[in-house]
Amino acid sequence: MAYRGLAKKVLEKESIKIGDRIRVERDDISYEGMLLDRPEDADDKHLVLKLDNGYNIGVEIEEATIELLEEGSRPKIKFPPVDVERNPQLPDISIISTGGTVASIIDYQTGAVHPAFTADDLLRANPELLDIANIRGKAIFNILSENMLPEYWVEAAHAIAKEIEDGAWGVVVAHGTDTMHYTAAALSFILKTPVPVILTGAQRSSDRPSSDAHLNLISSVVAAKSDIAEVMVCMHASIDDKSCHLHRGTKVRKMHTSRRDTFKSINTTPIAEIKDNKIRILRKDYKKRGLEELRVRDKIEPRVALIKTYPGINPEIIEYYIDKNYKGIVIEGTGLGHCPENLIPAIERANEMEIIVAMASQCINGRVNMNVYSTGRRLLRAGVIPVADMLPETAYVKLVWALGQSNDPETVKRLMLKNIAGEIEDRSSLRHFQG
């Protein structure tokens, strides 16, 4: 049993085991359901129940009354192998798992959700994939996406390249949604790819009736068969289950904590829409399949800070990163690319020490223009690089990558101002506004 501490003592006292049906009463609220197991690193103050309506919930047990209603047996989770012959009429698509909700399957006997690390798991949970492609699955991480590190971006890029070298017609990357836009941007800079590379995730797990995992995964495999040879994010286009959008990896952002259509293209439009397993192209300026030779530009410099400016910010924050020998700083400035004037001396010091300082806007929509007001012009004279309509997260990732490509500050500045992977649009207009 993975329960420990207080939870373990309470269960042992009442002779309750995994699979039993129990009632938990607390604060005049009563819950009934099957007791499920928990991960080993979970806290010791909650039990997990599978309710009759199909949902899993965590119930706090401090000052609660727990009653055994019916004994059950601990379910044995056994998944038979999926015996599928390769269909020579269908392309080979690789699905790489880094963790996250989309890369999981539900055991309908227990209601528990388990990581899906193999092609068998994915096909068992999504048998429709057999009609779309030959699927091969591989896990490279099993982490929460908030624990993603820049060096993991490099490892993921090499894993994707290996799949392409082994004949994959396209690659799908299952990823947690919280930092998926960071990883999408990083792979866009690190990889030159001749095939589609699709990142996808899920806002709601597969044990919930409102899960978005199935449509996102199916649509991603459809996208991986297309001729759009870019790194993209594939997620719900709206809150219903009608279609998904394909977003360019450098122009996408998670915009809502829980909505299924949380990912939006910023300052631009999505590349395509996928509906009923068919792709409708929304813009034609994408890279075509087979035009690029596979290349992994894997040198990075993780010592980059992303700093959001705000009223009252202390310049000691910038001085801290200078003293810690950071190589780059991205400032998420206000409006057209501004920060309080008291930061300018620290920025000038950073420039003298050949630390790259770039300016993005926390407005999200629109572009930086530091020539309009006096503060912006002073920042330009202090050596700050304006990054046009790049998202702050994309600017941060790009600087991590650009500093890995060269030790020469002028070369890095030119890279930051150059459109490498669609991160800079020629024009941002109201028709692109995602309000």
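Residues numbered from 1 in each chain as written. Predicted model: local features only at pLDDT ≥ 70, side-chain atom pairs only at ≥ 80, totals over all residues. Heavy atoms only, no water.

> Explanation requested: the environment of Tyr396 in the structure shown.
Relative to the helices and strands, Tyr396 resides in helix α9 (residues 392-405). Assessed through its relative accessible area of 14%, Tyr396 is described here as buried. Spatially, the C-alpha atom of Tyr396 lies 8.7 Å from that of Ala358, the residues being 38 residues apart in sequence. Not counting residues up to four positions away in its chain, the partners in contact with Tyr396 are Pro150, Trp153, Tyr182, Val304, Leu306 and Val330. (Helix = DSSP H or I, 4+ residues; strand = E, 2+ residues; numbered from the N terminus. Buried < 20%, exposed > 50% of the residue type's maximum accessible area, 1.4 Å probe, protein only. Contact = heavy atoms within 4.5 Å.)

> How should I be thinking about the packing of aromatic side chains in this particular structure?
How two aromatic rings sit relative to each other is set out by the distance from centre to centre and by the angle between their planes. Summed over the entire model, instances satisfying the criterion amount to five aromatic pairs. Between the aromatic rings of Tyr182 and Tyr396, the centroid separation amounts to 6.3 Å while the plane-to-plane angle is 75°, which identifies the pairing as edge-to-face. Here Tyr396 lies in helix α9 and Tyr182 lies in helix α4 (residues 180-190), a separation of 214 residues in the sequence. For Tyr182, a relative accessible area of 22% gives the class partly exposed. Aromatic side chains Tyr321 and Tyr326 sit 4.8 Å apart centroid to centroid with 70° between the ring planes, which places their arrangement in the edge-to-face category. (Phe/Tyr/Trp six-rings, centres within 6.5 Å; stacked < 30°, edge-to-face > 60°.)

> How should I be thinking about the pattern of salt bridges in this particular structure?
One side chain can pair with another of opposite charge once the charged atoms of both are near each other. Scanning the model with the defined rule gives 30 salt bridges in all. Residue Arg248 pairs with Asp285 through a salt bridge whose shortest N-O separation is 3.9 Å. With Arg248 in strand β14 (residues 243-248) and Asp285 in the loop between β18 (278-281) and β19 (295-296), this pair connects stretches of sequence that are 37 residues apart. Arg248 gets classed as buried once you look at its relative accessible area, which sits at 7%. Between Arg378 and Glu341 there is a salt bridge whose closest N-O contact spans 3.7 Å. Here Arg378 is found in helix α8 (residues 374-381), whereas its partner Glu341 is found in the loop between β21 (328-333) and α7 (344-352), with 37 residues between them in sequence. For Arg378, a relative accessible area of 32% translates into the label partly exposed. (Salt bridge = Lys/Arg side-chain N within 4 Å of Asp/Glu carboxyl O.)

> Teacher, can you tell me more about the packing of helix α3 (residues 150-165) against α4 here?
The contact between α3 and α4 brings their axes to 10 Å, and the two run at 60°. Relative to α4, α3 is oriented oblique. Crossing geometry of α3 relative to α4 is assigned as right-handed. Contact residues: Trp153, Val154, Ala156, Ala157 and Ile160 in α3; Tyr182, Thr183, Ala186, Leu187 and Ile190 in α4. (Axes fitted to C-alpha atoms, helices over the stretch in contact; angles between N-to-C directions. Parallel < 35°, antiparallel > 145°, perpendicular 65-115°, else oblique. Left-handed = near helix turned anticlockwise from the far one by under 90°.)

> Whenever I open this one, the pairing of β18 confuses me. Can you help?
Along any regular strand, the residues point their side chains to alternate faces of the sheet. Pairing of strand β17 (residues 272-275) with β18, which is carried by four bridges, proceeds in the antiparallel orientation. If you follow Ala272 over to β18, its bridge partner there is Ile281. The turn joining β17 and β18, which pair antiparallel and follow one another in sequence, is formed by two residues; a positive phi near 55° is taken by Asp276. (Pairing = 2+ DSSP bridges.)

> Help me understand the environment of Phe189, please; the structure alone is not making it clear to me.
Here Phe189 shows up in helix α4. In sequence terms Phe189 and Thr250 are 61 residues apart; their C-alpha atoms lie 8.7 Å from each other.

> Just to check I follow, could you spell out α9 for this structure?
Structural remark: α-helix, 3.6 residues per turn; residues separated by three or four positions point the same way. End to end, α9 covers 20 Å across 14 residues, agreeing with the expected 20 Å (1.5 Å per residue, within 8%). Burial of α9 is extensive: twelve of the 14 residues sit out of reach of the surface. Here α9 has its buried residues at Pro392, Glu393, Thr394, Ala395, Tyr396, Val397, Lys398, Leu399, Val400, Trp401, Ala402 and Leu403. (Expected span 1.5 Å × (residues − 1).)

> Any chance you could explain the side chain of Glu423 here in plain terms?
Note on placement: Glu423 falls in the segment after α10 (409-417). A polar atom in the side chain of Glu423 sits 2.8 Å from the backbone nitrogen of Ile420. Dropping the residues within four chain positions of it, Glu423 is found in contact with Phe189, Thr250, Lys251, Asp389, Met390, Thr394, Lys398 and Lys418. (Polar contact = N/O pair within 3.5 Å; in protein donor to acceptor, adjacent residues only side chain to side chain.)

> Can you walk me through the pairing of strand β6 (residues 92-97) in this structure?
The buried fraction of β6 is high, at six of six residues. One ladder, built from six bridges, connects β6 with strand β9 (residues 134-139); its direction is parallel. Looking across to β9, one finds that Ile93 is bridged to Ile135. Sheet topology note: the β6/strand β10 (residues 170-174) ladder contains five bridges and is parallel. By the bridge assignment, Ile96 is partnered in β10 with Val173.

> Explain the side chain of Asp389 here, please?
Locating Asp389 in the fold gives a position in the loop between β23 (385-386) and α9. Looking at Asp389, its side chain comes within polar contact range of the main-chain nitrogen of Glu425, at 3.1 Å.

> For this particular structure, what's the right way to read the sheet that holds β21?
Backbone hydrogen bonds are what pair the strands of a sheet, in a parallel or an antiparallel way. Strand order in the open sheet formed by four strands is β20-β21-β22-β23, and the pairing between neighbours is parallel. Among the strands making up the open sheet, the edge pair consists of β20 (304-308) and β23. Taken together, the six bridges between β21 and strand β22 (residues 356-361) define a ladder with parallel strand orientation. Following the sheet pairing, Glu332 is matched in β22 by Ala360.

> Explanation requested: the state of the cysteines in the structure shown.
Two cysteines joined by a covalent bond between their sulfur atoms form a disulfide. Under the counting rule described, the total for this entry stands at zero disulfides. Cysteine Cys234 shares no disulfide, and the gap to the nearest cysteine sulfur, in Cys244, comes to 4.3 Å. Judged by relative accessible area, which is 0%, Cys234 ranks as buried. (Disulfide = S-S within 2.5 Å.)

> What am I meant to see in the confidence of the model for the protein chain here?
Taken over all residues, the pLDDT of the protein chain has a mean of 88, while the share at 70 or more is 86%. The model gives residues 107-112 a pLDDT under 50, and that stretch makes 20 contacts with residues more than four places away or in other chains. Counting interchain partners and residues more than four positions distant, the pLDDT-below-50 stretch residues 428-435 has 15 contacts. (pLDDT = per-residue confidence, 0-100.)

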